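Results of the structural survey
Chain by chain, the residues:
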Amino acid sequence: MNQISNKKAENVRDVIRYLKKFHNALIVIYLDDKTISSALFSSHIRDIALLHEAGLKVVIIPGARARIDEVLEGAKIDWTYKNNIRVTNDKAMPLIKMAAFDVSNTVMTNLAANNITAVIGNWVRARAKGVLEGFDFGAAGEIDRLDTASLNTVLNDGFIPIFPCIGWSATGKPYNISSAVLAQQVAVELKADKLFFVMGDQAPILKDGEIVPAMNIEELDSYVVAHADDEQIKNLLALSKTACLNGVNRSHILDGNLDGVLLTEIFSDLGSGTMIYTNNYGKIRQMEQTDIPSVLGVMRPFVEAGKLLPRTEADVAAKLEDFYVYDFDGGVRACASLHKYDDGQFEIAAVAVDEAYSHIGIGPKLVESLVQKAKSCGAKSVFIMTTQASDWFEKIGFAEDKIDSIPDERKKLWSPERGSKVYRLK
């Protein structure tokens, strides 16, 4: 029961931490047509309203593919797709425009039901995609520029802008543009903190059967190569990568079939979808005085299981300069210490990883970082002492050694009753 209470308290702390972090942040949300037509749509809209009320600036780009299909089929107008772009003639544009605004109006009406005022606008200047390699893309357009000044005015006035998938030329001619591409470019132009793709027809991004919670752009490239046959994943990851490389802090691919997916993605470290980032997500840093309660909290389950020796706040504070933490957006999710002995040996101790984060490899990253630090300080060798984690340390390159091999100072603290074993880096 105590562990459950501790976890609930930590979850609440996470929410408060993220509320402070993202107050007045700007987020761009793409809702695909499957999400808009799903039973969870009203729930997603309610969550967007809550985000807006919590002080986040929100921009919405709704996907209208299904509605446009429906309207064109009803009018018996043919179309095709080329490189995931709808190709029609100019005669289809009045119907495409009607369908796009119809979907945007659905979003606006649902926001109004949650007492949120939204604005549908024509902030997109577009040009014809034209003829590429002999293929005429007809009424399909590309984004030329966005009226960011007007958009920022709308946002600062407390409204939510909604973008239909239509752009206009300088002479007022409409073009059909990709909603997903529009979402990415809006996020880039507005220097958004986050870009969300909420997909009702996209399975989560998986690796070895588990959802990938976070992926840097280097990992993203190898994932795309391994899933080259999935065009939608390739497209979403490519859009996410381009957004991050052009100033968007983070991009997220979410399963629109999960209730509350936006809230859990924003207000928790691991979220419930896949986050694409550059290199500023998790970091290893030296522990600070204010981290001590969090470090003790990460250690607590290991102490209760007999895997770590009990430590008080004073114990940790006395060795403050030896401790390092893995920081996720300001939250401590792992810790370890590095102790130097007079004979040139270094000990890595107090290794603990929050159970919820144990599957994403931050423990080995933290240990490897301390090994490299020890080497840079001229360490003759690096060892650890453990009672129950021998398999884990063997897996990351340690091998059992004799108790007599450790420094005399450390040997005095060893007790046969506890029976800790020594493992030394190969």
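What you are looking at is a predicted structure, and each value in this text was computed from that prediction instead of being measured.

1. Some thoughts on the pairing of strand β13 (residues 194-199)
The buried count for β13 comes to six of six residues, which makes it a mostly enclosed element. Side chains K194, F196 and V198 project from β13 onto one buried face, and the interleaved L195, F197 and M199 project onto a second face that is buried too. One ladder, built from five bridges, connects strand β1 (residues 26-31) with β13; its direction is parallel. Bridged to I29 within β13 is F196. Relative to strand β17 (residues 250-255), β13 is paired through six bridges, and the arrangement is parallel. Note on β17: the bridge partner recorded for F197 is I253.

2. Brief notes about the packing of helix α7 (residues 179-189) against helix α9 (residues 231-245)
Between two packed helices, what matters for the description is the angle formed by their axes and the separation of those axes. In the contact formed by α7 and α9, the axes pass within 9 Å of each other and the chain directions differ by 10°. With respect to their mutual orientation, α7 and α9 come out roughly parallel. Relative to α9, α7 is oriented so that their crossing is right-handed. From α7, A180, V181, Q184 and V188 reach across to α9, where they touch L239, T242 and A243. In the contact of α7 with α9, the residues fall into five nonpolar, two polar and no charged.

3. Let's talk about the packing of aromatic side chains
All told, the structure shown has eight aromatic pairs when counted by the stated rule. Relative to F163, the ring of W123 lies with its centre 5.0 Å away and its plane at 50°, an arrangement referred to as tilted. Here the residue W123 occupies a position in the loop between β5 (118-120) and β6 (124-128), and F163 occupies one in the loop between β10 (160-162) and β11 (166-168), the gap between them amounting to 40 residues. A residue is classified by how much of its surface remains accessible, and W123, at 8% relative accessible area, is buried. Each member of the aromatic cluster is reached from another via a ring pair, and the members are W392, F393 and F398. If you follow K129 out to its NZ or CZ, it ends over the ring of F137, 5.5 Å from the centre.

Criteria and thresholds
- Residues numbered from 1 in each chain as written.
- Predicted model: local features only at pLDDT ≥ 70, side-chain atom pairs only at ≥ 80, totals over all residues.
- Heavy atoms only, no water.
- Buried < 20%, exposed > 50% of the residue type's maximum accessible area, 1.4 Å probe, protein only.
- Helix = DSSP H or I, 4+ residues; strand = E, 2+ residues; numbered from the N terminus.
- Pairing = 2+ DSSP bridges.
- Axes fitted to C-alpha atoms, helices over the stretch in contact; angles between N-to-C directions.
- Parallel < 35°, antiparallel > 145°, perpendicular 65-115°, else oblique.
- Left-handed = near helix turned anticlockwise from the far one by under 90°.
- Contact = heavy atoms within 4.5 Å.
- Nonpolar A, V, L, I, M, F, W, Y, C, P; charged D, E, K, R; others polar.
- Phe/Tyr/Trp six-rings, centres within 6.5 Å; stacked < 30°, edge-to-face > 60°.
- Lys NZ or Arg CZ within 6 Å of the ring centre and 35° of its normal.

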